[in-house]
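# Summary of the model geometry
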Amino acid sequence: DTINFEHCNFKYAIYDGDYGIFITNPPYGSRLSSNEDLSEMYEEIKKIFRRLKNWSKYIITDEENLEKLIKFDANRKRILFNGRIKTTYYQFYGPRPNEKDDL
């Protein structure tokens, strides 16, 4: 009863609570039809990051300039391979619920 999974477009997911974890593996540039689609997608991710200030957020993508696109700096980055596609696992840590008063 404490974990909810949603398999959907992140734009339409329900984000309940002050704290949580957002994990996404958005379509890669090679899987989308145009750069415009990519720009729109990363703009939506940026909006969600702004809205979910106390959430931890994790993204796996082949976009090497993700931090510049969404204007957030990752706490950690790890290089991974999805088949032969080089990807980066970006980790953006949110505060723990008991640390809220210290912010």
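A few points on the structure. (Residues numbered from 1 in each chain as written. Predicted model: local features only at pLDDT ≥ 70, side-chain atom pairs only at ≥ 80, totals over all residues. Heavy atoms only, no water.)

## Concerning the nonpolar core
Our working definition: The nonpolar core is taken to be a set of buried Ala, Val, Leu, Ile, Met, Phe, Trp, Tyr and Cys residues, with the residues joined through side-chain atoms within 4.5 Å. Note on exposure labels: buried denotes an accessible area under 20% of the residue type's maximum, exposed denotes more than 50%, and partly exposed covers the range between, all computed with a 1.4 Å probe on protein chains only. A run of H or I in DSSP becomes a helix once it reaches four residues, and a run of E becomes a strand once it reaches two; helices and strands are each numbered from the N terminus.
Among the nonpolar cores identified, the biggest contains 18 residues, and Tyr15, Phe22 and Ile45 are the most heavily contacted of them. Sort the elements by how many residues they give to this core and helix α1 (residues 35–51) lands first, with 6 residues.

## Remarks on the pattern of salt bridges
Spelled out, the test is: The rule for a salt bridge is simple: a side-chain nitrogen of Lys or Arg has to be within 4 Å of a carboxyl oxygen of Asp or Glu.
For the coordinates displayed, the defined rule picks out 3 salt bridges. Across the pair glutamate 43 and lysine 46 runs a salt bridge, and its minimum N-O distance is 3.3 Å. Taken together, the residues glutamate 43 and lysine 46, both in helix α1 and 3 residues apart, mark about one turn of the helix. Exposure remark for glutamate 43: the relative accessible area of 34% places this residue in the partly exposed category. Here glutamate 67 and lysine 77 are joined by a salt bridge, their closest N and O atoms 3.1 Å apart. Here lysine 77 lies in strand β3 (residues 76–82) and glutamate 67 lies in helix α2 (residues 66–70), a separation of 10 residues in the sequence. The exposure class assigned to glutamate 67 is buried, which follows from its relative accessible area of 16%.

## A look at the packing of aromatic side chains
Cut-off, in case you're wondering: Note on ring pairs: Phe, Tyr and Trp rings are taken, using the six-membered ring of Trp, and paired if centres are within 6.5 Å. Classes follow the plane angle, with under 30 degrees stacked, over 60 edge-to-face and the rest tilted.
Counted according to the given criterion, the structure contains 9 aromatic pairs. For the pair phenylalanine 10 and phenylalanine 22, a centre-to-centre distance of 6.3 Å together with 90° between the ring planes defines the contact as edge-to-face. With phenylalanine 10 in the segment before β1 (21–24) and phenylalanine 22 in strand β1, the pair connects residues that are 12 residues apart, well separated along the chain. Note on phenylalanine 22 and phenylalanine 49: the rings are 6.3 Å apart at their centroids and 85° apart in plane angle, and the pair reads as edge-to-face. Residue phenylalanine 22 is found in strand β1, and its partner phenylalanine 49 is found in helix α1; the two are separated by 27 residues along the sequence. Accessibility classification places phenylalanine 22 together with phenylalanine 49 in one group, the buried group.

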